[in-house]
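# Tertiary structure, described
So you can see what is in the structure, the chains are spelled out below.
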Amino acid sequence: MQKVQNNKAWWLVLPVFLLVAFSALIPLMTVVNYSVQDIFGPGQAFYVGTEWFKEVLSNERLQDSLIRQFIFSGAVLLIQIPLGIGVALMMPKSGIKGSLCLILLAIPLLIPWNVVGTIWQIFARGDIGLFGWGINQLGIDYNYTGDTLDAWLTVLLMDVWHWTPLVALLCYSGLRAIPEAFYQAAEIDRASKWAVFRYIQLPRLKSVLIIAVLLRFMDSFMIYIEPFVLTGGGPGSSTTFLSQTLTTMAIGQFDLGRAAAFSLIYFLIVLLISWLFFTAITHADKEK
Amino acid sequence: MRQTRSKNVGITLFILLLLTPIYWLLNMSFKTNQEILGGLTLWPQNFTLDNYAVIFTDPSWYSGYINSMIYVSINVVITLLVALPAAYAFSRYKFLGDKHLFFWLLSNRMAPPAVFLLPFFQLYSSIGLFDTHIAVALAHCLFNVPLAVWILEGFMSGVPREYDEMAYIDGYSFPKFFVKVFLPMIRSGIGVTAFFAFMFSWVELLLARTLTSVDAQPIGAIMTRTIGASGIDWGVLAAAGSLTIIPGLLVIWFVRNHVAKGFALGRV
Amino acid sequence: MIAWMNWTPTVAIFFAVIAGILAVMTVFEIVSPCTERKGFLPIATTRGDRLFIGLLSAAYIHLAFLAVSDITLWVALAVSVAWLLVLLRWG
């Protein structure tokens with residue numbers, strides 16, 4: 001659509017600008033201030049320059065949790081995106097069955113994150129949980145509180161359970177927007193199932209998929225509550241992701257300077273990746 | 001036809017797997033603690049509502065639900081009120097710095113809340129809003145408003161400009177046009193936006209917990225109380241968890257017809 | 001009221017400079033609006049886009065200096081400013 005140049009539009013944006021600036025800029029400035037000081041208490045702070053940054057960059061615990069975070073986010077995307085597309089393709093096209101599927105699929109999305117953690121904490125236990133009990137009955141030694149790999153798989157499974165429906169719902173709405181005529185043309189050409197998917201459905205899903213990838217990346221990158229409730233970050237620190245390391249540092253140890261420096265680096269990483277995604281989206285829009 | 005059937009089997013299986021953990025939670029909420037810890041039972045042997053009774057008779061329990069509902073509702077209202085005009089501006093006009101403003105808004109949706117916890121706490125304490133519903137509602141705006149603008153902008157771009165121009169010719173003032181003509185046209189967009197705002201505010205705990213202590217404490221924070229000296233009270237924990245699912249179910253029921261269209265954020 | 005923000009002169013100068021750059025760019029944009037063009041970057045950009053890319057990469061340049069060397073950050077700053085100017089002119 002042709003847009004009109006009009007700077008008065010700023011008046012319409014102003015409330016949003018002020019509201020978000022209040023909640024975003026003031027805390028951001030504070031974090032930057034923290035990051036260059038060593039803070040002991042109210043009014044007692046020493047200027048330390050970039051020391052925190054230097055320390056954080058060479059801190060192995062942080063590097064480990066960053067690497068763990070990237071592996072986790074990567075795994076989340078690799079599993080959830082294809083699975084979500086698959087589920088969307090299987091959903092009934094319309095009618096009462098369609099809406100029923102929609103509602104049932106959306107349930108995990110609407111559960112508070114700490115409850116999601118609680119559900120899996122119970123569900124995966126070997127003694128009182130169906131899942132843990134079932135796996136143990138199969139003769140596999142499974143214990144998510146004791147074994148690193150089991151803990152990892154449980155956190156991953158929980159995230160897949162929690163968020164695949166979002167990908168599926170996004171893809172479903174993308175599929176619904178494809179005109180019936182496209183399928184009819186494919187039928188006349190006797191196109192195979194795969195060809196229909198590859199050349200009709202997948203290209204049409206592109207823009208929804210970008211949104212799905214973006215949302216899933218952002219949310220998995222800041223995952224905190226669910227693994228915290230489920231495993232408490234353990235065993236050891238095997239499921240301690242970035243957010244949890246950060247929160248422990250800032251609230252638990254009251255290590256403000258280091259946590260702030262770390263926060264800023266964290267924010268820069270997210271900003272860069274999001275910018276790349278955003279540029280990709282606007283470019284995809286332009287090509288249309 | 002066989003293909004349709006295998007599809008149906010597939011989707012049914014997926015949904016069953018999806019619902020199993022939730023069934024397990026429900027199942028547990030109707031059991032006594034002795035039964036829960038005594039062994040694995042697929043359905044409650046001694047069906048009991050005691051766990052729910054604990055929650056509904058103790059004000060410090062059920063007030064958690066009320067607190068959560070209050071701040072979520074305030075948040076949805078604020079989000080819609082400020083996001084609607086802004087989204088209109090983004091969808092209709094080019095203005096100085098529009099693209100950068102848009103990205104800056106979105107980048108707040110991306111900022112991990114953990115980064116802002118302590119400054120948030122101090123900011124809201126210093127203006128005297130700590131432990132109020134409005135504080136949590138405002139804090140949640142940080143990630144809900146950008147998302148709302150993004151979704152609404154997509155819907156509004158789908159409405160041709162001609163409608164705006166026609167309304168002006170008919171002598172409508174801008175506010176009148178916006179409320180009487182424009183908003184009804186993007187009804188489903190508003191519904192979906194409200195759904196998303198509700199969802200992300202309802203499920204968030206980190207900020208809500210940091211900004212409250214007693215008067216506005218969300219249910220998620222109260223649930224940690226079930227861990228007492230004698231171990232975890234599994235039954236009550238399960239009952240409290242089950243109850244948090246209900247508001248979400250109600251909301252999705254109301255917007256179900258808009259969802260198929262709107263989940264694509266109006267951008268397909 | 002704002003004591004908890006723990007302002008330090010360095011950070012205050014930092015934000016003042018950023019605000020200054022934004023103000024100058026805004027005035028510049030009003031005086032002579034710029035159009036998108038293609039430079040050595042793989043995408044077509046406006047002046048504001050290039051500024052953003054420049055600032056973001058400046059942050060990463062500083063971090064890189066901190067991570068791998070003990071050289072004073074003034075060098076990193078000089079490199080960043082030079083890079084920013086190159087980007088604004090030819091990017």
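See the structure above.
Our subject in this report is the structure included herewith. What you are looking at is a predicted structure, and each value in this text was computed from that prediction instead of being measured.

### Description of the interface of chain A and chain C
Facing the 24 residues of chain A at the interface are 21 residues of chain C. Here chain A packs against chain C, burying approximately 2,100 Å² in sum over the two surfaces, 73% of which is carbon and sulfur. Of all residues in chain A, the largest losses of buried area upon contact with chain C belong to A:N33, A:K54 and A:W275, amounting jointly to 24% of the total for that side. Run the count over chain A and chain C and you get zero salt bridges. Inspection of the region where chain A meets chain C yields five residue pairs in polar contact (both at pLDDT 80 or more). The dominant element in the side of chain A that touches chain C, judged by the number of residues it contributes, is helix 12 (residues 256-287) of chain A, at nine residues. Looking at side-chain class alone, the side of chain A that touches chain C contains 16 nonpolar, six polar and two charged residues.

### Observations regarding the packing of helix 5 (residues 98-110) of chain B against helix 7 (residues 133-157) of chain B
Residues and elements named next belong to chain B. At a minimum axis distance of 7 Å, the contact between helix 5 and helix 7 shows a crossing angle of 130°. Classified by the interaxial angle, the pair formed by helix 5 and helix 7 is oblique. When the axes of helix 5 and helix 7 are compared, the crossing they make is left-handed. Contacts from F102, L105, L106, N108 and R109 of helix 5 reach helix 7 at L142, F143, P146, L147, V149 and W150. The class makeup of the residues in the contact of helix 5 with helix 7 is nine nonpolar, one polar and one charged.

### Describing the side chain of C:T45
Within the secondary structure, C:T45 is located in the loop between helix 1 (9-31) and helix 2 (47-68). Polar side-chain contacts of C:T45 include one of 3.2 Å to the side chain of C:R50.

Reading the values: rules and limits
- Residues numbered from 1 in each chain as written.
- Chains lettered and ligands numbered in written order.
- Predicted model: local features only at pLDDT ≥ 70, side-chain atom pairs only at ≥ 80, totals over all residues.
- Heavy atoms only, no water.
- Contact = heavy atoms within 4.5 Å.
- Buried area = accessible area lost by both parts, 1.4 Å probe.
- Salt bridge = Lys/Arg side-chain N within 4 Å of Asp/Glu carboxyl O.
- Polar contact = N/O pair within 3.5 Å; in protein donor to acceptor, adjacent residues only side chain to side chain.
- Helix = DSSP H or I, 4+ residues; strand = E, 2+ residues; numbered from the N terminus.
- Nonpolar A, V, L, I, M, F, W, Y, C, P; charged D, E, K, R; others polar.
- Axes fitted to C-alpha atoms, helices over the stretch in contact; angles between N-to-C directions.
- Parallel < 35°, antiparallel > 145°, perpendicular 65-115°, else oblique.
- Left-handed = near helix turned anticlockwise from the far one by under 90°.

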